[in-house]
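What follows is the residue order along each chain.
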Amino acid sequence: MAGFEIYFDGLEECATRAKGVANQFKSLADEVPPSVGASCFGDLEGFSDKLVKAVNDLEAKIEAETRHAQQNLAKVEAAIHKVVDNVRKADPSPGPRTEQA
């Protein structure tokens, strides 16, 4: 792979940051708030139940999106590691790569 300069440390740093952000999303998703009940809103003349449903639906969507983001970032981390491994296997000879920044 002559002519390429690959900064493995930079790739590893990207993978580390992706993992860190994925863990933050996981922590957010694991902090499930208690379900909202009609008593939270008092008597809103028939709207309390609709408001409860809307709030609970929103919380469920936020949790699903947060988990989805966490899973995708975990895949990014794995993909970066795979790229590094594949490049190292494809060109084991010493060359113009940079192992340290």
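Calculation criteria
- Residues numbered from 1 in each chain as written.
- Predicted model: local features only at pLDDT ≥ 70, side-chain atom pairs only at ≥ 80, totals over all residues.
- Heavy atoms only, no water.
- Axes fitted to C-alpha atoms, helices over the stretch in contact; angles between N-to-C directions.
- Helix = DSSP H or I, 4+ residues; strand = E, 2+ residues; numbered from the N terminus.
- Parallel < 35°, antiparallel > 145°, perpendicular 65-115°, else oblique.
- Left-handed = near helix turned anticlockwise from the far one by under 90°.
- Nonpolar A, V, L, I, M, F, W, Y, C, P; charged D, E, K, R; others polar.
- Salt bridge = Lys/Arg side-chain N within 4 Å of Asp/Glu carboxyl O.
- Buried < 20%, exposed > 50% of the residue type's maximum accessible area, 1.4 Å probe, protein only.
- Expected span 1.5 Å × (residues − 1).
- Contact = heavy atoms within 4.5 Å.

A.B. asks: Please clarify how the packing of helix α1 (residues 8–30) against helix α2 (residues 48–90) should be interpreted in this entry.
C.D. replies: When two helices pack together, their arrangement is given by the angle between the helix axes and the distance between those axes. Closest axis-to-axis distance for the α1/α2 pair is 8 Å, and the angle between their directions is 160 degrees. Comparing the axis directions of α1 and α2 gives the class roughly antiparallel. Once α1 is placed against α2, the crossing between them reads as left-handed. The residue inventory of the contact of α1 with α2, partitioned by class, reads 17 nonpolar, three polar and eight charged.

A.B. asks: Quick question: what am I supposed to make of the pattern of salt bridges here?
C.D. replies: In the structure shown here, the tally under the stated rule is five salt bridges. Asp30 is the salt-bridge partner of Arg67, the closest N and O atoms lying 3.2 Å from each other. Taken together, the residues span a long stretch of sequence, with Arg67 in helix α2 and Asp30 in helix α1 at a distance of 37 residues. Of the residues examined, Arg67 reaches a relative accessible area of 28% and is grouped as partly exposed.

A.B. asks: So what exactly am I meant to see when it comes to α2 here?
C.D. replies: The periodicity of an α-helix, 3.6 residues per turn, causes residues three or four positions apart to be oriented the same way. Counted at 1.5 Å a residue, the expected span for α2 with its 43 residues is 63 Å, and the 63 Å between its end C-alpha atoms agrees. Among the residues of α2, those classed as buried are Ser48, Val52, Thr66, Ala69, Gln70, Glu77, Ile80, Val84 and Val87. Taken together, the buried residues of α2 touch α1.

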